[in-house]
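What follows is the residue order along each chain.
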Amino acid sequence: MASRSGTDPPEWALPSWDAVGPDPDEPIRPAARPGPGPALGTPGPASTAPGPATAPGTFGIRILAVSEVTRAVRAAIRQDPRLVDLWVEGEIGRVTVSSAGHAYFALKDERNQLQCVWFRDDRGRSAFQAQAGLRVVVHGRIDLYEPTGAMQLYVDSIQPAGFGDLALKFEALKARLAAEGLFDTARKRPVPVRPRTIAVITSPSGAVWRDISHVLARRWPLVQVVLVAARVQGEGAPASLVTAFRRVERYAATCRDEGRPDDAPVVTILARGGGSLEDLWAFNDERVVRAVVAHPLPVVCGVGHEVDVTLADFAADVRAPTPSAAAEIVVPDRLEMAGALRRAADRLGAATERRLAAAARDLAVEARALERVSPAARLAAAREQVGLLFDRATRAVEARLTRERFRLDAAAIALPRVTAARLTAARGAVDAAAAALPRYTAGRIAAARSAIDTSAAALAVLGPSATLERGYAIVRREPDGSIVRDPAQAPAGAALRIRVARGDIAATVDDVGSG
């Protein structure tokens, strides 16, 4: 509220004591004191009964209690028939629903707004529910809530009359940006599971930053948080939010360039508390929406309450119903993580025990197999087998010896008889051979002599002597005794020996003639 200049008091201020006094031209008369207002629903004129006399020292000023003023205003409101049963058209602002189910909202036009109350029973009978940004026509009555002195419209029915100007602008911009593909699900990026550093774009002086810090510290104390201050309401809020996104991008790039990748944010939270459509309008600005889409990091938007929806929610990679929920989304819960680790450890321990048990069984099988093939075991088995074989061999030898002994005994018994028969037969064969030997020897000698004579006759016909007998000669060189077959082998003057049928002739080559 703008302050007044000068020293003049406001019109509603109580005048100072020295500025108030009795008018000498007008007699002092007691001021009329209004009586209590009529009962609810029974308007009537205010009581005109005179009140008590003015207290001494007040100089004719009538001072009323706060309750008297509120009752008088309430009575005046209830006496006006236009305010008891009326229809009002306007645009709904922020809607708040209490835990009892009553709805509270502001009905506004271009210049003023009227606070409205819609009780749970009336809301339950209505097929239409109040939403921020809608232009509606409501029916009810005007009354004064005495404890707070607030004038309110008590609504009993509501029906839509159309969208408000901001709502129409919101839908038009939403349709245009959606046509460009800025809200497509395909471009949404996943949020890192366990980020080391996150950036938070919000107002540092609001409760939102404290709530986010509390949630992050409670759920995942290991995370590093970078606060980027920005205006979240007012004319300069869109430009401030766009600048905040650029600051986050520059800071992340600087960290990576300086070799500190762990300090670079990997996800950005855009947060603001709840408010009316006008309060949240900065997050419907086209510049902010495009900055969210162009941001290189995944963006989690937690603006307003669960019923509040902005275009930044559609553009963000993840939409959170509240700022605290946004903080819960970007980091895991350490208690859940610890529980998961415990369960994983239990599963790992059980799996390890099963693997160890299986390995122990396999090891026992292998140990038994090794025992069977170990040198000591094999030696013991070989010794046992040798013993068995030795026993079997001993028994076999003893049985063989027994059989051979029986055979020898039988042979010894039959030997004289067999020997005598064999000797008799051999003696008879020797006698027969001795008798036939002269004839056999003479035949053999005669046959051999006949064969020799035949061979000698053949040799005589084919031998060199027979050839020499026919007038041929064998010429040999004297020095080496080689046979001369070519005149070139016996040059003139060469000593030769010529063999004829009856002897050898020494000769010398005088001349060698051609063929």
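Throughout what follows, the structure given in this document is the object of discussion. (Residues numbered from 1 in each chain as written. Predicted model: local features only at pLDDT ≥ 70, side-chain atom pairs only at ≥ 80, totals over all residues. Heavy atoms only, no water.)

Two modes of strand pairing occur in sheets, parallel and antiparallel, and in both the strands are linked by backbone hydrogen bonds. Spatially, 3 strands are ordered β11-β12-β13 in an open sheet, and the strand pairing comes out antiparallel. The outermost strands of the open sheet, each flanked by one partner alone, are β11 (474–477) and β13 (503–508). For this sheet the average axis-to-axis angle between neighbouring strands, irrespective of direction, equals 25°. Pairing geometry for strand β12 (residues 495–500) and β13, over 6 bridges, is antiparallel. (Pairing = 2+ DSSP bridges. Helix = DSSP H or I, 4+ residues; strand = E, 2+ residues; numbered from the N terminus. Axes fitted to C-alpha atoms, helices over the stretch in contact; angles between N-to-C directions.)

We now examine the side chain of Gln152. For Gln152, the position within the fold is in strand β5 (residues 150–163). Separated by 3.1 Å, the side chains of Gln152 and Tyr154 make a polar contact. Excluding anything up to four places from it in sequence, Gln152 contacts Gln115, Val117, Arg141, Ile142, Asp143 and Tyr145. (Polar contact = N/O pair within 3.5 Å; in protein donor to acceptor, adjacent residues only side chain to side chain. Contact = heavy atoms within 4.5 Å.)

In this section: the pairing of strand β2 (residues 103–108). Of all 6 residues that make up β2, 5 are buried, and the element is covered over most of its length. Pairing geometry for strand β1 (residues 86–97) and β2, over 5 bridges, is antiparallel. What sits directly across from Val95, in β2, is Phe105. Here β1 folds back onto β2, and the loop between the two strands holds 5 residues, one of which, Gly101, carries a positive phi near 100°. As judged from the 6 bridges shared by β2 and strand β3 (residues 113–118), these two strands associate in the antiparallel manner. If you follow Ala103 over to β3, its bridge partner there is Trp118. Counted along the chain from β2 to the antiparallel partner β3, the turn is 4 residues long. (Buried < 20%, exposed > 50% of the residue type's maximum accessible area, 1.4 Å probe, protein only.)

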